[in-house]
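# Results of the structural survey
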Amino acid sequence: MKIKGAVLREVNKPYTIEELELDAPKAGEVLIKYAYSGYCHSDLHLMLGEIPIALPLVAGHEGAGIVEDVGPGVTSVKKGDHVGVTWMIPCGVCPQCRKGLGNVCSGNFGNFLQGMLLDGTSRIRDKNGEMVRHGNFVSCFSNYSVVPELGVIPMPKEFPLEYAALMGCCVPTGWGTVVNTAKVQPGEGVAIWGLGGVGLNVLRACAMQHANPIFAIDLEESKEGLAKEFGATHFICNSKDDPVPIILKETGGVQMPDGNWMGGGVQYAFEAIGDPGAIVQAWWSTCIAGKVIVPGITPYDQTTNLPLMLLPLHQKSILGNLYGGISTHVDIPKFVNMAMKEDLKLDKLVTNKFKLEQINDVADKMNKRQIQGRWVMAWD
Ligand SMILES: [Zn+2]
Ligand SMILES: [Zn+2]
């Protein structure tokens, strides 16, 4: 069938809007008509060549829509069902899966990196008949795609599809980081660097876990309103003020004769932007036995210099975190259920809707930090 999508052919070049050919779903695959696709910072990383990936590619890994058709043997969904998708498809048999760490499964990693479906092939071709790859099993920067049944999450029909799209990446990553990885308890102090799609969900999860205080930190002063709306007790504009002395002072630190602050600090510092300097600030801002947790993805050639004295003296740690440590088919439905009953502020998270033809403008705006919350592509 004919579809249209944004193809990334070369890094550091605009997406090209193309008509493409999509093959029918094979065994264990589902054809989805996308309704909404989120534009995540990881998509920008791919576009800028900051995460290695095989091209050409229909990217996009945060989408939701309606099942249009299913391949042989598919039993969990049928035509007309509302569904979300996930970019992590645990194989069930690799060492991580066997240890319950399906969020870092390595079994399907080769196909993930190569942009192939689970049988190692693609269903997408361009107008010259050349193969185009699937972005992260999802490829939702096209109006239709074929995805593995194992990556499809059924959604209740009463749950808006624009929110269902966010259940593919930013909501579970943010929430999972707080409730699975940190396990934030009421009254614990937290700080969050970077108020994009993931950071705002980290912030909202911390607020709903009754963390206190909650420092929200961003380079853009314009994000203060959204930060307070999501539950921050303090907002710090990182392009004006150094958050470290502010956090240490507010959390019971002591000012030393040289003017620096020691002691105090938050239990958990979440770095949700992937900036080496922010990771150092987060490190200084944690208390004794505090943890820096990093769901933010940093370009692959970036390094950081952590001052090491406090690693043993304050027993600090730094933890990487992928996809919030979730079990996709267990946790995503839980977050959906929560979103239908409680105020996750998803209505405030989606601040703009755009059309496929505007995708290069959206990427440019994100690169210039001009985007608030999550912008989603609307297909109709
Ligand atoms: Zn696995
Ligand atoms: Zn993402």
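Below, the structure is looked at part by part. In this numbering scheme, every chain counts its residues from 1 along its sequence in written order. As a convention, the first chain written is A and the first ligand written is 1, with the rest following in written order. Confidence filtering applies because this is a predicted model: local features only for residues at pLDDT of at least 70, side-chain atom pairs given and counted only at 80 or more, and all residues used for totals across whole chains, interfaces and linings.

### Brief notes about the nonpolar core
Think of a nonpolar core as buried Ala, Val, Leu, Ile, Met, Phe, Trp, Tyr and Cys residues, each tied to the set through C-beta atoms within 7 Å. Exposed residues have 12 or fewer other C-beta atoms within 10 Å of their own C-beta, buried residues have 20 or more, and partly exposed residues fall in between, where C-beta atoms are placed from the backbone. Ranked by internal contacts, the top residues of the largest apolar core, which has 116 residues, are Val190, Ile192, Leu203 and Cys206. Broken down by element, this core gets its largest block of residues, seven residues, from helix H6 (residues 197-208). Two domains each put at least three residues into this core: domain 1 (2-168 + 345-378) and domain 2 (174-322). Contacts are defined on C-beta atoms placed from the backbone: any two residues whose C-beta positions lie within 7 Å are in contact. Contacts of leucine 203, omitting those with residues within four sequence positions, involve Ile192, Leu195, Ile214, Ala216, Ala227, Phe230, Gly231 and Ala232. Numbered from the N terminus, helices here are DSSP runs of H or I no shorter than four residues, and strands are runs of E no shorter than two. Note that the domain bounds reflect an automated or database-derived domain assignment.

### Points about the sheet that holds strand E16 (residues 266-271)
Strands sit in the order E13-E12-E11-E16-E17-E18 across an open sheet of six strands; the sheet is parallel. If you trace the sheet from one side to the other, it starts and ends with strand E13 (234-237) and strand E18 (317-320), each paired once. Neighbour-to-neighbour, the strand axes of the sheet open up by a mean angle of 15 degrees, direction not taken into account. Of the strands in this sheet, E16, strand E17 (286-294) and E18 touch helix H5 (residues 170-182), which is tilted by about 135 degrees from E17. Paired strands are those between which DSSP finds at least two bridges. Note on definitions: angles span 0 to 180 degrees between N-to-C directions of axes, and those axes are lines fitted to C-alpha atoms, for helices only across the stretch in contact.

### Here we look at the packing of H5 against helix H11 (residues 328-341)
Packed helix pairs are characterised by how far apart their axes lie and by the angle those axes make with each other. Relative to each other, H5 and H11 sit at 95 degrees, their axes nearing to 10 Å. By the criterion of interaxial angle, the relationship of H5 to H11 is roughly perpendicular. When H5 is examined against H11, the residues Val171, Pro172, Trp175 and Gly176 are found in contact with a partner set consisting of Asp331, Ile332 and Phe335. Its residues assigned to classes, the contact of H5 with H11 shows five nonpolar, one polar and one charged. Between 65 and 115 degrees an angle is taken as roughly perpendicular, under 35 as roughly parallel, over 145 as roughly antiparallel, and anywhere else as oblique. Three residue categories are used. Nonpolar comprises Ala, Val, Leu, Ile, Met, Phe, Trp, Tyr, Cys and Pro, charged comprises Asp, Glu, Lys and Arg, and polar comprises the others, including Gly.

### Remarks on unusual backbone geometry
The linkage connecting leucine 55 with the following residue, proline 56, adopts the cis geometry, with an omega of -5 degrees. Relative to the assigned elements, proline 56 resides in the loop between helix H1 (41-47) and strand E4 (57-58). A cis amide bond links asparagine 212 with the next residue in sequence, proline 213, at an omega value of -5 degrees. Its location among the elements puts proline 213 in the loop between H6 and strand E12 (214-218). Even without being a glycine, lysine 183 presents a positive backbone phi close to 55 degrees. Structurally, lysine 183 can be placed in the loop between H5 and strand E11 (190-193). For lysine 183, a count of 10 C-beta atoms within 10 Å gives the class exposed. Within the chain, lysine 345 stands out as a residue other than glycine whose phi angle is a positive 65 degrees. By the element assignment, lysine 345 lies in the loop between H11 and helix H12 (346-349).

### Examining H11
The span expected for a helix works out to 1.5 Å for each residue beyond the first. Given a rise of 1.5 Å per residue, 14 residues ought to cover 20 Å, and the 20 Å separating the end C-alpha atoms of H11 matches this to within 8%. Buried within H11 are the following residues: Thr328, Asp331, Ile332, Phe335, Val336 and Ala339. For H11, the angular spread of buried residues about the axis comes to 140 degrees, placing them on one side. Opposite its buried face, H11 presents the exposed residues Val330, Asn337 and Lys341, each directed more than 90 degrees away. Structurally, H11 contributes buried residues whose contacts are with strand E6 (82-85), strand E10 (152-154), helix H4 (161-166), H5 and H12. An arc is given here, and it is the one of the directions from the helix axis to the C-beta atoms.

### Comments concerning the sheet that holds strand E1 (residues 2-8)
In spatial order, the strands read E1-E2-E7-E8-E4; together these five strands close into a barrel with mixed pairing. When strand E7 (residues 124-125) meets strand E8 (residues 131-134), the two strands line up antiparallel, connected through two bridges. Across the sheet, residue arginine 125 finds its bridge partner in E8, namely methionine 131.

### Brief notes about the packing of helix H8 (residues 243-250) against helix H9 (residues 276-285)
H9 packs onto H8 with a crossing angle of 20 degrees between their chain directions and a minimal axis gap of 9 Å. Classified by the interaxial angle, the pair formed by H8 and H9 is roughly parallel. Relative to H9, the crossing made by H8 is right-handed. Contact residues: H8 offers Pro243, Val244, Ile247 and Leu248, while H9 offers Gln281, Trp284 and Ser285. What makes a crossing left-handed is the near helix being turned counterclockwise from the far one by less than a right angle; a clockwise turn instead makes it right-handed.

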